Amino acid sequence: MLTVRAPATSANLGSGFDVFGVALERPADVVRLSKADRTTIDVTGAGSQFIPEDPEKNTVGAVAEALDAPAHIEIDKGVRPASGLGSSAASAAAAAVGLNELYDRGHSREELVPIAAKGEAVVSGDAHDDNVAPSIMGGFTIATEAGVRQVDASIPLVACLPDIVVSTRDARRVVPETARVEQLVETVGNAATLTTGMHRDDPELVGEGMHDTVVTPSRAKLIDGYEEVREAALSAGATGVTISGAGPTVIAACEEDRQRAIASTMLDAFADRGIDARVYQTRIGRGAQIF
Ligand SMILES: Nc1ncnc2c1ncn2[C@@H]1O[C@H](COP(=O)(O)OP(=O)(O)O)[C@@H](O)[C@H]1O
Ligand SMILES: N[C@@H](CCOP(=O)(O)O)C(=O)O
């Protein structure tokens, strides 16, 4: 029996749609795995009533299949599904790291990324790597066709999760099919600024680089109160605010001494719209850990 803790993640960070991701110190899924003749799954914890235990429909089932590593897998969900915090990816990442160890498959962390992404294909129809990469490797990740580049960073973040459900599959349907050249120029500038900020561990540059006018505006319409929450966080000192993943979590970068005020004002702004929310005062952290 092996236990793995795999962190929630925030993908996109505004300007890095389908490419950037960060591992969060909290929340996380805890997954226990033991060898078996066939794969069986038990799910408990946050939102477990919405998560299938059928290995064909759960992200961990696809990972066990890809590694030819059948197991009994107990998932204790710390990351609520359909949150924009890489819930389905956290379980897939934990399964990939744990089954690789349990069956002594010898894959590196980077090699495990496309294996865990097979789990993501089960739920969103796309094997995107931008959540599983940071959940497995930690820090800030840049996932492209060429592979994954990783930078250790420790930027303070506030992630505010409203009581709204946005499925990744639905949020991908509203992504515009085209962008103007001026928007591409702006996106390159913002993505480069954000990457420099990660290298320097500089919340100001990271926040500035989170600005996006291509994908975020269409998705913001799916999140009641998004503009008000964003404005409130910026007024409380956030250096940048955007949608985490496909939403509905709204994520803010900041200096550490602003975290508390930003968390409180984001909750208030959702409450003013009659929406319950919970907030994580967190930061960029490490990838999946085996216990
Ligand atoms: N192990 C799992 N953990 C969470 N969700 C899962 C898992 N396996 C399958 N799912 C399904 O994935 C969907 C949530 O994934 P997604 O929309 O990508 O959420 P998130 O934005 O939090 O990653 C839900 O329909 C859920 O039932
Ligand atoms: N790049 C994807 C990321 C989805 O993240 P999730 O946490 O919402 O699953 C997208 O933006 O569609």
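Residues numbered from 1 in each chain as written. Chains lettered and ligands numbered in written order. Predicted model: local features only at pLDDT ≥ 70, side-chain atom pairs only at ≥ 80, totals over all residues. Heavy atoms only, no water.

So, about the domain arrangement of the protein chain. Domains assigned within the protein chain are domain 1 (2–151 + 286–290) and domain 2 (156–283). If you look at the interface, domain 1 gives 31 residues, while domain 2 gives 40 residues. With both chains or domains summed, domain 1 and domain 2 bury close to 2,500 Å², and 59% of this area falls on carbon and sulfur atoms. Our count for the domain 1 to domain 2 interface comes out at one salt bridge. Here Asp18 and Arg172 are joined by a salt bridge, their closest N and O atoms 2.7 Å apart. (Domains from an automatic or database assignment. Contact = heavy atoms within 4.5 Å. Buried area = accessible area lost by both parts, 1.4 Å probe. Salt bridge = Lys/Arg side-chain N within 4 Å of Asp/Glu carboxyl O.)

This paragraph deals with the packing of aromatic side chains. Between two aromatic rings, the relevant description is the distance of the centres plus the angle of the planes. For the coordinates displayed, the defined rule picks out one aromatic pair. Judged by centre distance (5.1 Å) and plane angle (65°), the rings of Phe20 and Phe140 are edge-to-face. Of this pair, Phe20 sits in strand S2 (residues 20–35) while Phe140 sits in strand S5 (residues 140–144), placing them 120 residues apart in sequence. In this pair, the class of Phe20 matches that of Phe140, namely buried. Between Lys35 and the ring centre of Tyr103, over which it is positioned, the NZ or CZ distance is 4.8 Å. (Phe/Tyr/Trp six-rings, centres within 6.5 Å; stacked < 30°, edge-to-face > 60°. Helix = DSSP H or I, 4+ residues; strand = E, 2+ residues; numbered from the N terminus. Buried < 20%, exposed > 50% of the residue type's maximum accessible area, 1.4 Å probe, protein only. Lys NZ or Arg CZ within 6 Å of the ring centre and 35° of its normal.)

Before going further, it helps to examine the nonpolar core. Counting 37 residues, the largest nonpolar core has Leu33, Val63, Ile73, Ile75, Leu99, Val132 and Ile136 as the members making the most contacts within it. Looking at this core, the elements with two or more residues in it are strand S1 (2–11), S2, strand S3 (40–45), helix H1 (59–66), strand S4 (71–77), helix H2 (87–102), helix H3 (109–124) and helix H4 (132–137). (Core = buried A, V, L, I, M, F, W, Y, C linked by side-chain atoms within 4.5 Å.)

A word on the site of ligand 2. Taken together, 15 residues sit near ligand 2, with Asn12, Asp18, Asp130, Arg172 and Arg219 positioned nearest. In the environment of ligand 2, an oxygen atom lies 2.7 Å from a nitrogen or oxygen atom belonging to the side chain of Asn12. A distance of 2.7 Å separates an oxygen atom of ligand 2 from a polar atom in the side chain of Arg219. Against a free-state accessible area of 350 Å², the protein chains account for coverage of 97% of ligand 2. Residues of the shell around ligand 2, tallied by class, amount to four nonpolar, seven polar and four charged. Both domains that furnish three or more residues to the shell around ligand 2 are identified here as domain 1 (2–151 + 286–290) and domain 2 (156–283). (Near = heavy atom within 4 Å. Polar contact = N/O pair within 3.5 Å; in protein donor to acceptor, adjacent residues only side chain to side chain. Areas by Shrake-Rupley, 256 points an atom, 1.4 Å probe, with all protein chains shown as cover. Nonpolar A, V, L, I, M, F, W, Y, C, P; charged D, E, K, R; others polar.)

For the structure on display, the rule yields nine salt bridges. Two residues, Asp29 and Lys77, come together in a salt bridge whose shortest N-O distance is 2.5 Å. Here the residue Asp29 occupies a position in strand S2, and Lys77 occupies one in strand S4, the gap between them amounting to 48 residues. For the pair Asp29 and Lys77, one class covers both residues: buried.

When the UniProt feature table is mapped onto this chain, "domain: GHMP kinase C-terminal" (unreviewed entry) is found at residues 198–269. Secondary structure across residues 198–269 divides into 50% helix and 11% strand, with the first and last C-alpha atoms of the span separated by 28 Å. (UniProt positions renumbered as here; feature names shortened; annotations may be inferred.)

A few words now on the site of ligand 1. The immediate surroundings of ligand 1 are formed by 20 residues, with Phe50, Asn58, Lys77, Ala82 and Thr168 found nearest. Within the backbone of Phe50, one N or O atom sits 2.8 Å away from an oxygen atom of ligand 1. In the model, a nitrogen atom of ligand 1 is placed 3.1 Å from a nitrogen or oxygen of the Ser91 side chain. Alone, ligand 1 offers 570 Å² of accessible surface; in the complex the protein occludes 87% of this. Broken down by secondary-structure element, the contributors of at least two residues to the shell around ligand 1 are S4 and H2. Broken down by element, the shell around ligand 1 gets its largest block of residues, three residues, from H2. For the shell around ligand 1, a count of residues per class yields eight nonpolar, nine polar and three charged.

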